[in-house]
Amino acid sequence: MKTSINLSGLSLRDLEYVVAIAEHGSFVRASEICGVAQPSLSSQVRKLEAWTGVTIFERTTRKVIITAEGQRFVEQARKVLGEARTLLAVVRASDEPFGGSLRLAAIATLGPYLFPRIVGRFRKDFPRLKLNLGEGLTDQLVEQLLAGELDAVLLSLPQDQRLLTTTPLFVEPFLLAAPEGHPASRSGGPGWQALEGSERLLLDEGHCLREQALAACSPSEAATRHATSLETLKYMVAAGEGCTLVPALARTEGAPIHYSALSERRYTRSIALAWRRSDPRDAAFRDLALWLQRAALALDQRLRLADG
């Protein structure tokens, strides 16, 4: 039977070590991320395991394996660190929004095309706010947001995570991207749904844009060729490999790609700002949502206001 634990022996820094090791699968990489010597990190984790009576990591010569008990410990450690970051943001609160620092991420099919176009305006309107930007897949970003590793995320609706608050920002249309000279590039040519499965190019699993593109396909002929990124898809289109759907903000000029507008509502996505429902900075996030909405709508006339 384990004895009761005195919380005075629990260090947030040690929890950061454990989470870093779990995320990177390496003591060496975790030490680099945390800025500490690897022997010191290993020693602290062993002390933590001895203190809690939990073997968090199974150490082998090839890789680090998280034990079943360790997995539960890591999940809880993420929550503790997330709440600690929220506490720090509250006590550091100043006249600047978000206490002077904002960690904002977006889904990979939006961030690279939206952020570069609004960051200048953001710096002008919030000159003393430190902005940390990131991108990733929806599930990964939501997990990081719930763990307190991010403050807010730009994602595509619907989003059914009950622990999050979401505010719709704008509706972004999809464009049909086809190689120059392809039948789909001509007036009256085949649309996305009329293309054969072999002509359709999609993103790999995990991207919400993939699911939205599939939803607009003929169910009997889904695409058979995939890519890991939207930019790779566009390269494939330019090379004559097929056609794909591209969000309006991701359109680029100069490549041998013809973009066609699609009139039906199913060829759109609703972008929203999401944050933790428990975050005490709700009013600040709503102000941020309004700012992002105005900034985005000023970028491209093809965007339109999302339904609230």
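Residues numbered from 1 in each chain as written. Predicted model: local features only at pLDDT ≥ 70, side-chain atom pairs only at ≥ 80, totals over all residues. Heavy atoms only, no water.

Q: Looking at this structure, I do not really get the packing of helix α1 (residues 12-24) against helix α2 (residues 27-34). What am I missing?
A: To describe two helices that pack against each other, one gives the angle between their axes and the distance between the axes. Axis separation between α1 and α2 bottoms out at 8 Å; the angle between their running directions is 130°. The pairing of α1 with α2 is recorded here as oblique in orientation. Once α1 is placed against α2, the crossing between them reads as right-handed. Contacts from R13, E16, Y17, A20, I21 and H24 of α1 reach α2 at F27, R29, A30, I33 and C34. Broken down by class, the residue content of the contact of α1 with α2 amounts to seven nonpolar, one polar and three charged. (Axes fitted to C-alpha atoms, helices over the stretch in contact; angles between N-to-C directions. Helix = DSSP H or I, 4+ residues; strand = E, 2+ residues; numbered from the N terminus. Parallel < 35°, antiparallel > 145°, perpendicular 65-115°, else oblique. Left-handed = near helix turned anticlockwise from the far one by under 90°. Contact = heavy atoms within 4.5 Å. Nonpolar A, V, L, I, M, F, W, Y, C, P; charged D, E, K, R; others polar.)

Q: Could you clarify how one ought to interpret the packing of aromatic side chains in this entry?
A: Two aromatic rings are characterised by how far apart their centres lie and by the angle between their planes. Across all of its chains, the model carries five aromatic pairs by this definition. On the basis of an interplanar angle of 75° and a centroid distance of 5.8 Å, the ring pair of F27 and F57 is categorised as edge-to-face. Placement of F27 in helix α2 and of F57 in strand β1 (residues 57-59) is noted, with a sequence separation of 30 residues between them. We note that F27, like F57, is buried. A ring pair is formed by W275 and F285, whose centres lie 5.2 Å apart and whose planes are at 15°; its orientation type is stacked. Taken together, the residues span a long stretch of sequence, with W275 in strand β11 (residues 268-276) and F285 in helix α9 (residues 282-297) at a distance of ten residues. There is no split in this pair, since W275 and F285 are both buried. Feature note: the residues F122, F126 and W291 constitute an aromatic cluster, connected by ring pairs. One residue, R121, lies across the ring of W291, its end atom 5.6 Å from the ring centre. Cation over ring: R200 sits above W192, and NZ or CZ is 5.7 Å from the ring centre. (Phe/Tyr/Trp six-rings, centres within 6.5 Å; stacked < 30°, edge-to-face > 60°. Buried < 20%, exposed > 50% of the residue type's maximum accessible area, 1.4 Å probe, protein only. Lys NZ or Arg CZ within 6 Å of the ring centre and 35° of its normal.)

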